[in-house]
Amino acid sequence: MRPSLATLLPACAALLLQSGCNTATTPAATTTPAATGVPATHAAPTAPAALRAPGIVSFHGRLRAEKARIVGADGKPVSLAGNSFFWSQWQGQYYTPEVVGWLKTNWRSTIVRAALGVHEEDGYLQHPAENLARVTRVIDAAIAQDLYVIIDWHDHEAHRHTAQAVAFFSDMARRYGHQPHVIYEIFNEPQQVSWAKDVKPYAEQVIAAIRAIDPDNLIIVGSPHWSQDVDVAAADPIKDANVAYALHFYAGTQKQTLRNKAVKAMELGAALFVTEWGPCNADGNGPIDDDSVKQWMAFMREYQLCHCVWSVSTKMETCSIIVPGASPKGGWKDSDLTESGRYAREYIRNWPGDTPQ
Ligand code: MG
């Protein structure tokens, strides 16, 4: 059940006795750092993030896919906005509780996505312990700070790694299946493969393994052509009570044609979840396409979609949100953000939602 304000307030009063509190009645901002020129309403709170619970997950509860929407425990649509981390093997230094806390307080993110790099150089298949440790640090931090967290099998060829994915998600379901914060994303971006012959059979095996342990948390499935063929998946859906389909867009490349496919999928009853988007081209570079982003944001508001911007990374490409040297402990000044980082943060900070933050 979603707690009412009346039930949130006593918890807040108890926390105030310690050092601070932030609920629906208390804005996140507390001070204005003059050096950064950040408006007061966008400033980071001074109270430790852990002390500002209850947060978004206590408010909405476990998510469900229902009638082509993502809904909370009370059956009402939930629209989250937040950040995707980069491939764990290449930007793992940012997989820290402090970065999760900074995204929550400074960006007002309500969801983060831990991207387990699987099959590329130094990924989970080659170095399981290191990559698992990075991802679980983010998952544990998100749970502690009452944020939603996506456990993303970040793999373009997951259908070739079914046994490893089954073992991994069985482990994740055992560790985290009782937590309402956790969402499983089992196949990041299938490429030029078949939904019916490649992706769906893989998904059915992984979902069966998860459901043997965790009967109810939300599972997100990608679709061919970099998670754009949501209409194909929706026409031949997975039989499970709580599945959504990943929709990925990069605004400089994908426009109305992809939105049409998304509408078709939703008309067929599929719930969509934008686990990645970027303001630039699909290769991660090129200029910010402001007109296209505006259209996508209007679309996501209209259909109450959840979304994560790609990504927490210093890689030299447009869609990275931070510059080399940005601290792995967060606390980023505007000069630590890239142009697209500053740009995306405004959308995430100001995302309309019925939230307690
Ligand atoms: Mg569960």
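All of these numbers come straight from a predicted model, not from anything done at the bench.

## Some thoughts on the overall build of the protein chain
For the protein chain, the count of helices and strands is 11 helices and 10 strands. Sequence-distant contacts in the protein chain: of pairs separated by 6 or more residues, those separated by 24 or more amount to 73%.

## Side note on helix H6 (residues 195-211)
Look at H6: only 21 Å from first C-alpha to last across 17 residues, short of the 24 Å you get at 1.5 Å a residue. Residues of H6 that are buried include every one of Trp195, Val199, Tyr202, Ala203, Val206, Ile207, Ala209 and Ile210, and no others. Those residues of H6 hidden inside the fold are in contact with helix H5 (162-176), strand E6 (182-185), strand E7 (219-221), helix H7 (224-227) and helix H8 (230-235).

## Looking at the sheet that holds strand E5 (residues 148-154)
Strand order in this closed barrel of 8 strands is E3-E4-E5-E6-E7-E8-E9-E10, and the pairing throughout is parallel. Across the sheet, the axes of successive neighbouring strands diverge by a mean angle of 30 degrees, strand direction being ignored. By the bridge criterion, 5 bridges tie strand E8 (residues 243-250) to strand E9 (residues 272-278) in an arrangement that is parallel. Across the sheet, the residue bridging to Phe249 is Trp277, located in E9.

## Description of the environment of Tyr303
Residue position: Tyr303 is located in the loop between helix H10 (290-302) and strand E10 (307-312). Each C-alpha atom, one on Tyr303 and one on Pro77, is 9.4 Å from the other, the two residues being 226 residues apart in sequence.

## Some words on the pairing of E9
In terms of residue burial, E9 counts as a mostly covered element, since 7 of its 7 residues are buried. For the crossover that starts at E8, traverses helix H9 (residues 256-267) and ends in the parallel E9, the hand is right-handed. Examined bridge by bridge, E9 and E10 share 2 bridges and lie parallel to one another. When the bridges of E10 are listed, Val274 appears paired with His307. Crossover E9 to E10 through H10 is right-handed.

## So, H9
Given 3.6 residues to a turn, an α-helix orients residues that are three or four positions apart in the same direction. Between its first and last C-alpha atoms H9 spans 16 Å; for 12 residues at 1.5 Å apiece the expected length is 16 Å, and the two agree. Buried within H9 we find Leu258, Lys261, Ala262, Ala265 and Met266. Viewed end-on, H9 has its buried residues packed into an arc of 135 degrees, placing them on one side of the element. Seen from the buried face of H9, the exposed residues on the opposite side, beyond 90 degrees, are Gln256, Thr257, Asn260 and Glu267. The inward-facing, buried residues of H9 abut H8, E8 and E9. Phi turns positive one or two residues past the end of H9, at Gly269, with a value near 105 degrees.

## Overview of the pairing of E8
Burial analysis of E8 places 8 of its 8 residues in the buried class, the great majority of the element. Relative to E8, E7 is paired through 3 bridges, and the arrangement is parallel. Across the sheet, residue Ile220 finds its bridge partner in E8, namely Ala244.

What counts and what doesn't
- Residues numbered from 1 in each chain as written.
- Predicted model: local features only at pLDDT ≥ 70, side-chain atom pairs only at ≥ 80, totals over all residues.
- Helix = DSSP H or I, 4+ residues; strand = E, 2+ residues; numbered from the N terminus.
- Contact = placed C-beta atoms within 7 Å.
- Expected span 1.5 Å × (residues − 1).
- Buried ≥ 20, exposed ≤ 12 C-beta atoms within 10 Å, placed from the backbone.
- Pairing = 2+ DSSP bridges.
- Axes fitted to C-alpha atoms, helices over the stretch in contact; angles between N-to-C directions.
- Right-handed = clockwise from strand over helix to strand, strands pointing away.
- Arc of directions from axis to C-beta.

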